[in-house]
Each structure stands twice: as structure tokens, then as C-alpha cells.
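Structural overview for review
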2 protein chains.
Amino acid sequence: MIKVGIVGYGNLGRGVTLAVSKANDMECVGIFTRRSPSTVIPVVNYPVYAMDKLADFKGEIDVLLLCGGSATDLPNNTATLLKDFNTVDSFDTHAKIPEYYEKLEKVAKENGKLSAISIGWDPGVFSIARMLFGAVLPDGKDYTFWGKGVSQGHSDAIRRISGVKNAIQYTIPKEQALDSVRKGENPALTTREKHLRECFVAIENGADKDCIEKQIKEMPNYFADYDTIVNFVTEEEVRKMQKKLSHGGFVFRSGNTTSENAHLLELSLKLDSNPEFTGSVLVAYGRAVAKMAKEGKTGVVTVFDVPIKYLSPLGEDELRRTLL
Amino acid sequence: MIKVGIVGYGNLGRGVTLAVSKANDMECVGIFTRRSPSTVIPVVNYPVYAMDKLADFKGEIDVLLLCGGSATDLPNNTATLLKDFNTVDSFDTHAKIPEYYEKLEKVAKENGKLSAISIGWDPGVFSIARMLFGAVLPDGKDYTFWGKGVSQGHSDAIRRISGVKNAIQYTIPKEQALDSVRKGENPALTTREKHLRECFVAIENGADKDCIEKQIKEMPNYFADYDTIVNFVTEEEVRKMQKKLSHGGFVFRSGNTTSENAHLLELSLKLDSNPEFTGSVLVAYGRAVAKMAKEGKTGVVTVFDVPIKYLSPLGEDELRRTLL
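Residues numbered from 1 in each chain as written. Chains lettered and ligands numbered in written order. Predicted model: local features only at pLDDT ≥ 70, side-chain atom pairs only at ≥ 80, totals over all residues. Heavy atoms only, no water.

1. Here's the deal with the packing of helix 1 (residues 11-21) of chain A against helix 10 (residues 274-294) of chain A
How two helices sit against one another is set out by the angle between their axes and by the gap between those axes. All names here are of chain A. Basically, it comes down to this: Lines fitted to the C-alpha atoms define the axes, with helices restricted to the stretch that makes contact. Angles between their N-to-C directions range from 0 to 180 degrees. Secondary structure follows DSSP: runs of H or I at least 4 residues long count as helices, runs of E at least 2 residues long count as strands, and numbering of each begins at the N terminus. Note on terminology: angles under 35 degrees are roughly parallel, angles over 145 are roughly antiparallel, angles of 65 to 115 are roughly perpendicular, and the others are oblique. Crossings are sorted by hand: turned counterclockwise from the far helix by less than a right angle, the near helix makes the crossing left-handed, and turned clockwise it makes it right-handed. Throughout, a contact is declared for two residues whenever any of their heavy atoms are within 4.5 Å.
The contact between helix 1 and helix 10 brings their axes to 7 Å, and the two run at 55°. The pairing of helix 1 with helix 10 is recorded here as oblique in orientation. For the pair helix 1 and helix 10, the sense of crossing is right-handed. In this structure, helix 1 contributes Asn11, Leu12, Arg14, Gly15, Val16, Leu18, Ala19 and Val20 to the contact, and helix 10 contributes Pro275, Glu276, Thr278, Gly279, Ser280, Leu282 and Val283.

2. Description of the sheet that holds strand 10 (residues 195-203) of chain B
All names here are of chain B. Counted only if it meets this: Note: two strands are recorded as paired if DSSP finds a minimum of 2 bridges between them.
Strand order in the open sheet formed by four strands is 8-9-10-11, with mixed pairing between adjacent strands. Edge positions in the sheet fall to strand 8 (149-150) and strand 11 (227-232), since each has one partner strand and no second. Judged from the two bridges that link them, strand 8 and strand 9 (residues 164-173) form a sheet pairing that is antiparallel. Of the residues in strand 9, the one forming a bridge with Val150 is Tyr170. Together, strand 8, strand 9 and strand 10 form the strand contacts of helix 5 (residues 152-159), whose direction differs from that of strand 9 by roughly 145°. Docked against the sheet, helix 8 (residues 209-217) engages strand 9, strand 10 and strand 11, running at close to 150° with respect to strand 11.

3. So, the relation of the copies chain A and chain B
So the rule is basically this: Here the copies were fitted onto each other by least squares, based on C-alpha atoms from residues at pLDDT of at least 70 in both.
When chain A is fitted onto chain B, the two copies agree to an RMSD of 0.0 Å after a turn of 180° and an axial shift of 0.0 Å. What the rotation and shift describe, once combined, is the action of a two-fold rotation axis.

4. Section: the environment of Ile2 of chain A
Residue and element names in this part refer to chain A. Under the convention used in this document: Residue exposure (1.4 Å probe, protein chains only): buried if accessible area is under 20% of the type maximum, exposed if over 50%, otherwise partly exposed.
Position of Ile2 among the secondary structure elements: in strand 1 (residues 2-7). Of the residues examined, Ile2 reaches a relative accessible area of 11% and is grouped as buried. Distance from Ile2 to Ala290, taken between C-alpha atoms, is 6.9 Å for residues 288 residues apart in sequence. Those residues in contact with Ile2, other than ones at most four positions away along the chain, are Asp25, Met26, Glu27, Asp62, Val63, Arg287 and Ala290.

5. Some thoughts on the pairing of strand 2 (residues 26-33) of chain B
All names here are of chain B. Note the threshold: Assignment of crossover handedness uses the view with strands pointing away from the viewer, where a clockwise path from the first strand over the helix to the second indicates a right-handed crossover.
With seven of eight residues buried, strand 2 is to be regarded as a mostly interior element. Sheet topology places strand 1 (residues 2-7) next to strand 2; six bridges connect them, and they run parallel. The residue of strand 2 that forms the bridge with Ile2 is Met26. In this region the chain leaves strand 1, passes through helix 1 (residues 11-21) and returns to the parallel neighbour strand 2; the handedness of that crossover is right-handed. One ladder, built from three bridges, connects strand 2 with strand 3 (residues 48-50); its direction is parallel. Opposite Phe32, over in strand 3, you have Tyr49 as the bridge partner.

6. Quick look at the interface of chain A and chain B
Interfaces are often sized by the accessible area lost when the parts come together. What counts, and what does not: In this description, buried area is defined as the sum, over both parts, of the accessible area (probe of 1.4 Å) that is lost when the two are combined. In what follows, salt bridge is the name for a side-chain nitrogen of Lys or Arg lying within 4 Å of a carboxyl oxygen of Asp or Glu.
Listed by partner, the interface residues are 62 residues for chain A and 62 residues for chain B. The contact between chain A and chain B buries some 5600 Å² in all, and 62% of this surface belongs to carbon and sulfur atoms. It is Phe304, Arg320 and Leu324 of chain A in chain A that bury the most area against chain B; as a group they hold 14% of the surface buried on that side. For the interface between chain A and chain B, the tally reads four salt bridges. Of the charged contacts, one joins Lys309 of chain A and Asp305 of chain B as a salt bridge, the two residues approaching to 3.2 Å between their closest N and O atoms.

7. Concerning the state of the cysteines
Residues and elements named next belong to chain A. Applied cut-off: Here, the term disulfide refers to a pair of cysteine sulfur atoms separated by no more than 2.5 Å.
Per the counting criterion, the structure on display carries zero disulfides over all chains. Sulfur of Cys211: no disulfide; nearest cysteine sulfur belongs to Cys199 and is 15 Å away. A residue is classified by how much of its surface remains accessible, and Cys211, at 36% relative accessible area, is partly exposed.

8. Let's talk about the domain arrangement of chain A
All names here are of chain A. Keep this limit in mind: Here the bounds of each domain stem from an automatic or database domain assignment. N or O atoms closer than or at 3.5 Å make up a polar contact, with two conditions inside protein: a donor-capable atom paired with an acceptor-capable one, and, for residues adjacent in sequence, both atoms drawn from side chains.
The domain architecture assigned to chain A consists of domain 1 (2-122 + 275-322) and domain 2 (140-256). Across the interface of domain 1 and domain 2, roughly 330 Å² is buried in total on both sides, 72% from carbon and sulfur atoms. On the domain 1 side of the interface with domain 2, the three residues burying the most area are Trp121, Asp122 and Pro275, jointly 88% of the side's total. Summed over the shared surface of domain 1 and domain 2, the number is zero salt bridges. For the interface between domain 1 and domain 2, the tally reads one residue pair in polar contact (both at pLDDT 80 or more).

9. Topic: the pairing of strand 4 (residues 63-66) of chain A
All names here are of chain A. Here strand 4 shows two buried faces, one formed by Val63 and Leu65 and the other by Leu64 and Leu66. Inspection of the sheet shows strand 1 paired to strand 4 by four bridges, in the parallel sense. Bridging across to strand 4, Val4 finds its partner in Val63. Two elements, strand 4 and strand 5 (residues 87-88), share two bridges in a ladder whose sense is parallel. Its bridge partner being in strand 5, Leu65 is matched across the sheet by Val88. Note that the unit made of strand 4, helix 2 (residues 73-82) and strand 5 has a crossover that is right-handed.

Shown next as C-alpha cells:
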């Protein structure tokens, strides 16, 4: 049995907990939280401990599944945890991955530990598709589309506007762009042509709708480069939408082997629950980390480095016989 | 530079040759053929040698790209070639993969060589999807559909019927089945419900059409379990269709993380040229074999064992920075 610890119990921690409970080759040593443990009632009946109890479990956990966020939790905590434990995380700030990798690689090597970073669906499953597709069809073009799904960052940005009580933002791929890529037209697509942003905003009594809509639509980096739809709704409606964390997207590679022969490779994910699916991916890579660490592997790995056989509870013979 | 040899120059050999010519990190030492070398005019101007000259190149080729068929070429030849060279092949007789693996594993280990087997799109890219999807969504169902594309085996079977001059058979996935899977209905599909078989048959003057059509439709293993459409056409029409070797297909995983949250993962390939795309995959895995062999790896590997970073000519830092 692979012994895992779950660090953090937000949406992702809950998804990871569910996924661990479905893995017959894993047992959960505990969920570790910064909150008061008695206030955390996990979806599966695993023991809950305060974070500072984690040190007591050194040597008793094969891999820690880190369920913190990429903004502050992971950059601040992973390196420290990696001194005593193998880890898996879902660090997804693409621009900061090289820096994060370097920092952890040093700690992992110094302490003989193994860490899988940037695991989930993007980065993660989508990265596998981008890399694999590009390698097997070198003369071609990549396209990644996200959605329909909630962007937490864009929702937060709207909530920071004065007069806004709550808000949710959906990223939606444009059908016309998808169709053009699927037809093999290899279009050059602007940011605006790829995705639409739809916002549902609850405002305070008497707040200026026109002014808020303008502030959203003109917000640099977040909305200015997109076609944005703003809908004003009640707080209750926003809260209802916030309960359904569906997401998904598409990775395409469109290219040629000769001028007359074109090929289209497409991966698509339609996910009812972003945190539950991300958690499920994290657990599969947790299995891989535990196995590879047992074989003596140390350092930092990403989806590019992990042979996929390690993700499965099945043996190598069975994989070749049934899935090859 | 990775030095490759190409063994066999049929449709796949031609596809591999084109793919090698696009790889900036590879040079082709030669194409090796059982035909008289002077009769082979390759699509790229690489030297052509008789097969028995291959022994002279021992130590000068990093990896042999084997372009023979799975029925007789690969089972008879790979083990012998593996004594002196690292190899990649597209062995695709699913039921015989375990036996093929065992035989080659012994030779590879004894001779310190590395062999990647069953490389292409199925087995190959599709196998990656099946395995990865199953590992990240364990509570679910798999579906693989093939086509629209030519089945060489089924075309051959028709050609063996008395009175048939030439024939081509297309495997076509049924839209209704695809739709049901895409809707997340998790249908239990019979063989007949998944694929349609459409045949284009040229017959000899005076041959009995009704009798031939009946023989095709009732042929056990090949057609009896399918809805089969038989079209009688001229030999010229069959020959024209035989020039376009398009193919493709779909791998789905449909499942749940909780009873209320379902997920659908889909990989689809639309290939204008089956042998050119297969050749392109073979070349990417040739790169991986050359690199892994250089690191000291020996034995037999499949797509389940090869970290995908090895498929790319890009360095690990660049992969993390640009594709993760």
C-alpha cells in the first residue's frame, strides 16, 4: 500500500480525498490543515491533523499530495515540505515554472526526495498532448482552447471592483475558431478570436451598472483584449453558479507530412468538476512518485519525465496485454 | 546528430524517410532493402543498400527504424537485427505483443541493445491515451473507434474470394455510437453498433455479384458481425482509392469522480496518410531510443515506458518553459 498525506482541504483537497478513496493501492495517513482540525469534516472519513503535526509523520508517508494554491501556498511551502517528504503539486503559474523548478530541484537533490510539479490538466494532461503532438507532427501548429469553464483569476479581478458584491467569469472558446482549426485551415488567431469572456456580476444597491461594466470590459490583461459579456444577476444566482466548477478545453495540432497530406490531432476534456478531475490526476502522479522514489529516483519531475506506466495500479505485463 | 538506418521501403518506409528528412537532429545512413537497390528510388535522396550490407554498418547506426509488416517481417527479423542494433518497430498484432515482447527482451538484454516496439498510432499514440485516461479517471469506461480508414486485412480477405480482381475496405465508426459516447451515456456497444464496413470491389467479367456479396457479408471474423456495404466498381476506381491511405479514429474515456460529476476525455486523429503519420511517430521514438540507449538503457520498451521528453529535439528546460 502507498501511504499518502493530503495537505490542504479546499476544493482541490476535497477532490484529492475522493480520488485517494477510490485507489485500492493507497491508504490515507491523514489530511493536514492550517484550520482548526475539528472544523474540517472531510468527504471521506480520514483523520484530520493540524499542519504542525505533519513533522511527526516523517518516514511514515510515501508521498504528500499538496492541495494549496499557486499564488502563495506552493511557492512558500513546497520547498520546506520537500526536505522531509516526496511531494506532488499542481503549480500552474506557467511563467514561474522554471524558477519554481530550479528552487525545488536543489532541495529535492540535497534531501534525496522526489517532487512532481505542475500536475493536473493544464499544466498536466494538456502539456502531454502539446509535447507529444508536436514531437510526432513537427511540421504543424498548436492550438490550446480553454472552457467553457470558470476562471478564478478573472472572477477575483471583477470582485475587486468597487460596488461588486460577488462575481463569476466563464471562459468560452469561440466555435468559429474551433471550426476553423478542425477544418485544418491553420488560422492565425488573435486573443479576441479564440475566447469569449462571460461575466455574471452581483452589485451593491445603487451601484452604477454602466460604470462597472465599463471597468470590467476595459480592464487591461484580464478583459481588454477580449469580447466580454457582462450580465448583472443576484448574489444568490452567483453563489449557485459557484457551486458547479465545470471546465475543460481542447489541444490541437494541425500539420502536414507532405504538402498534400495534412493531419489533425485533437485532445478534448469535458469536466463537470475541475477540482475533482485535477485531484484525480494528482493522485495518479502521487502513485508514480511513490513508485519512482522507491526505485531511487530523486529531483523534480514533470509530466514530460514520468513514464506513464507508473500512473497505473496495473502491472507492466497487464498494461501491455490489455491497453497497448 | 542521431544516425539512423531505414529497413524496408514500402509505404511505411517512404513515410519514415520523409519524417527523417524533416528531423534536423538526424542523419540517414541508408535505406536497406530486400529488393535490388537500383530499383528503389527513395522520395529523399538517401543511399540505398541491399539488406545484406547492413552488417557493415554495425557501430555506425544509433537506431534502425524497421518498416516491415507485422505478419512475417517483424516476427522473423527484429530479433536478429537487435543483436547488432537498437531498433524501433510498429508491430501491431495486439494479441501477439506479449510473446513478441518476451522474445525481444531476452535478445536486447543479452546484447545490451534497446528496442521500442509497437510504435505508431494504434498501438502507440492511442495506447498512451487509453492508459493515461484510465489512470486519471479510474471509475470509467473506454471506447476506441477506428476510421474512416482502410483496413488492409479486410481488403486482403475480399481479394482472396474467387472472382474478385481487386478490392478496398473502409472501416467507418457509426455516428450514433460516437454521439452516445460523447453525451456521456456510457453505452454498452456491440461490434455491429460501433463500426460499419464499406467495401469497393472490382470483379472479373461474368463473376456472380450476388454470390460474391454474400461471401463477403457472411465471412466469419471479418464481416459477419458487422453491417457491411458492398459496392461493385471498376478496377481503376479501386486503384484510385488505394492511392489515398487516410485513416484515423477516436479514444474516449467516460466516467465519474462522484455520482453527480462526470467527465469525458477524447483523443481524435484525422490522418490523410496513415503510413506518413505512422512513420513520423516511428521517427520520434527513434530519437527517444537513440537518447535512452546513450544513457545506458537496454531491453524492450513501449510507449508506456518512454518519458515523452525524449521524443522531442528540444532540451528539457525549453520543454518546461514553452510546452508545460
